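Here is what each chain is made of, one letter per residue.
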Amino acid sequence: MDLGPSAVHPPSPHLTLEPQSKAGNPDAGVVAWRPKLPPPAYGWFTGRTGGVSGAAWCSLNLAYHVQDAPEAVRLNRARVQAALSLPVVPWITAEQVHGPRVALIRQAPVRTVTGEYAVVRGVDGLITTLADQPLALFFADCVPLFFAARGVVGVAHAGWRGTWQGIARQMIQLLTEGLGIPVEDLWVALGPAIGPCCYTVDGALWNAFRRRFGRVATPRPTVLDLRAANRELCLEMGVPPAQIEVCPDCTACQAERYFSHRREGYPTGRMAALVMQSSEGRQGSPLGLPNPPQG
Ligand SMILES: [Zn+2]
């Protein structure tokens, strides 16, 4: 499939819903999907187009750990920062070790040498009470989980290991028991990820998920639905079903829109799940609430 720089992609249905700001649709071209979170919380999931990387990372690879040229990644992150009108502060990111540990960020990171990003070691989930502080995790098939409630946002990375070890539960526990947020006030969104159409696993793993989650997450032999499993974990913790959004997009099916580790192998690029609470009004509130006055 030709995914070169000249490839023309059809407009995404997700990219035309928002009212145009004076500068045009601000995140068109880099955002593939937006979770519905209550303002002032905002989330974004980037696609694979709109960047400068070549070859296997074509073109909006946002991760440094997949052997892409660091300068290309730096330029791609700057593009996303500009397209989303994010504050010019380092993104807080995580090491992403496929584990269940999560971190609460209460202080802005010390500016790094590049001024660009800060990494929290040993965790796959980030929560912050800070405003105007983007959190970012990176994906190519695993499930991105977005969390929001009044005064707090979070993001988590759940492949089968993180799902199995209950990172969704860890996030919700930190939000509720740690920060005192009533579980009925939580909003969760599960973003683009490999779907049950494509995610085949070995029989032992499938059986384990079948025993734990039943047919919901194992709709037919040897395929897993990781988003359904994570949704079940959120429901078990008491998040209201109407406040759990599940994106239907399969990253392995939609080759022109998303990177996929399962489809493309190593190396390939990574999309970013970004979340932030904003201290000022932003265009296009995802829940359809009126936009705050500008200026
Ligand atoms: Zn698929």
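Please read all numbers here as calculations on a predicted model, not as lab measurements. (Residues numbered from 1 in each chain as written. Predicted model: local features only at pLDDT ≥ 70, side-chain atom pairs only at ≥ 80, totals over all residues.)

1. Here's the deal with the overall build of the chain
As a reminder of what qualifies: The secondary structure listing takes helices from DSSP runs of H or I that are at least 4 residues long and strands from runs of E that are at least 2 residues long, numbered from the N terminus. Around each residue's C-beta, the other C-beta atoms within 10 Å are counted; 20 or more make the residue buried, 12 or fewer make it exposed, and counts in between make it partly exposed. All C-beta atoms are placed from the backbone. Contact between two residues is assigned when their C-beta atoms, built from the backbone, lie within 7 Å.
Each helix and strand in the chain was counted, giving six helices and 12 strands. Counting only residues that meet the buried cut, the chain has 43% of its 295 residues in that class. A separation threshold of at least 6 residues defines the contact pool for the chain, and within that pool the share at least 24 residues apart is 67%.

2. Description of the packing of helix H3 (residues 167–178) against helix H5 (residues 226–237)
Defined as follows: With axes taken as lines fitted to C-alpha atoms, and helix axes fitted only over the stretch in contact, angles between N-to-C directions fall between 0 and 180 degrees. Each helix crossing is assigned a hand: it is left-handed if the near helix lies turned anticlockwise from the far helix by less than a right angle, otherwise right-handed if that turn is clockwise. Amino acids are sorted into nonpolar (Ala, Val, Leu, Ile, Met, Phe, Trp, Tyr, Cys and Pro), charged (Asp, Glu, Lys and Arg) and polar (every other residue, Gly among them).
Between H3 and H5, whose axes approach to 9 Å, the crossing angle comes to 35°. The way H3 lies across H5 gives a crossing that is right-handed. Contacts between H3 and H5 involve Ala168, Arg169 and Ile172 from the former and Asn230, Leu233, Cys234 and Met237 from the latter. When the residues that make up the contact of H3 with H5 are grouped by side-chain class, the tally is five nonpolar, one polar and one charged.

3. Observations regarding the nonpolar core
The following threshold applies: By definition, a nonpolar core groups buried Ala, Val, Leu, Ile, Met, Phe, Trp, Tyr and Cys residues that are joined through C-beta atoms within 7 Å.
Core analysis: the largest hydrophobic core is formed by 78 residues, its most contacted members being Leu145, Phe146 and Met171. Non-local contacts of methionine 171, meaning those with residues more than four positions away in its chain, are made with Val102, Gly125, Ile127, Leu145, Phe147, Gly154 and Ala156.

4. Description of the pairing of strand E12 (residues 271–277)
Test applied: Think of it this way: DSSP has to see at least two bridges between two strands before they count as a pair.
Burial analysis of E12 places seven of its seven residues in the buried class, the great majority of the element. Judged by which residues are buried, E12 turns out to be covered on both faces: Met271, Ala273, Val275 and Gln277 on one side and Ala272, Leu274 and Met276 on the other are all buried. Bridge analysis of strand E2 (residues 41–46) against E12 gives five bridges, and the strand direction is antiparallel. Residue pairing across strands places alanine 41 opposite glutamine 277, the latter belonging to E12.

5. Re the environment of threonine 251
One can find threonine 251 in the loop between strand E11 (244–246) and helix H6 (261–264). We classify threonine 251 as buried; it has 30 C-beta atoms within 10 Å. Counting along the chain gives 56 residues from threonine 251 to glycine 195, while the straight-line C-alpha distance between them is 7.4 Å. In this structure, threonine 251 is in contact with Ala140, Asp141, Pro192, Ala193, Ile194, Tyr258 and Ser260, ignoring residues within four places of it in sequence.

6. Considering the sheet that holds E11
Neighbouring strands of a sheet are bound in pairs by backbone hydrogen bonds; such pairs are parallel or else antiparallel. Strand order in this open sheet of six strands is E4-E6-E9-E8-E10-E11, and the pairing throughout is mixed. Taken across any chain shown, the strands that pair with only one partner, and hence form the sheet edges, are strand E4 (102–105) and E11. The sheet shows a mean angle of 15° between the axes of neighbouring strands, direction not considered. As defined by bridge partners, E4 adjoins strand E6 (residues 125–128) across four bridges and the pair is classed as parallel. Bridged to leucine 104 within E6 is isoleucine 127.

7. Quick word on the pairing of strand E10 (residues 187–190)
Burial of E10 is two-sided: the residues Trp187 and Ala189 facing one way and the residues Val188 and Leu190 facing the other way are all buried. Two elements, strand E8 (residues 143–149) and E10, share four bridges in a ladder whose sense is antiparallel. Bridging from a neighbouring strand, phenylalanine 146 pairs with alanine 189 of E10. Here E10 runs beside E11; their pairing, made up of three bridges, is parallel. Bridging from a neighbouring strand, valine 188 pairs with isoleucine 244 of E11.

8. Quick word on helix H1 (residues 70–83)
Selection criterion: One fewer than the residue count of a helix, multiplied by 1.5 Å, yields its expected span. To obtain the arc, one takes the directions from the helix axis to the C-beta atoms.
Its 14 residues place the ends of H1 20 Å apart at the C-alpha level, agreeing with the 20 Å of an ideal helix rising 1.5 Å per residue. The complete set of buried residues in H1 reads Val73, Asn76, Arg77 and Val80. What you see down the axis of H1 is that its buried residues fit within an arc of 100°, all on one side. Exposed residues lying more than 90 degrees from the buried face of H1 are Glu71 and Ala82. As for H1, its buried residues are in contact with E2 and E12.

9. Let's talk about unusual backbone geometry
In the segment running from cysteine 58 into serine 59, the intervening peptide bond is cis, with an omega of -5°. When you line up the elements, serine 59 lands in the loop between E2 and H1. Following tyrosine 266, the chain continues to proline 267 via a peptide bond in cis, the omega torsion being 0°. Mapped onto the elements, proline 267 comes out in the loop between H6 and E12.

10. Overview of the confidence of the model for the chain
Which entries qualify depends on this criterion: The quantity called pLDDT is the predictor's confidence in a given residue, expressed from 0 to 100.
Here the chain averages 87 in pLDDT, while 84% of its residues score no lower than 70. Every residue in residues 1–24 is under pLDDT 50, and counting partners more than four places away or in other chains gives 24 contacts. Between residues 284–295, whose pLDDT stays under 50, and residues either more than four places distant or in other chains, the model counts 14 contacts.

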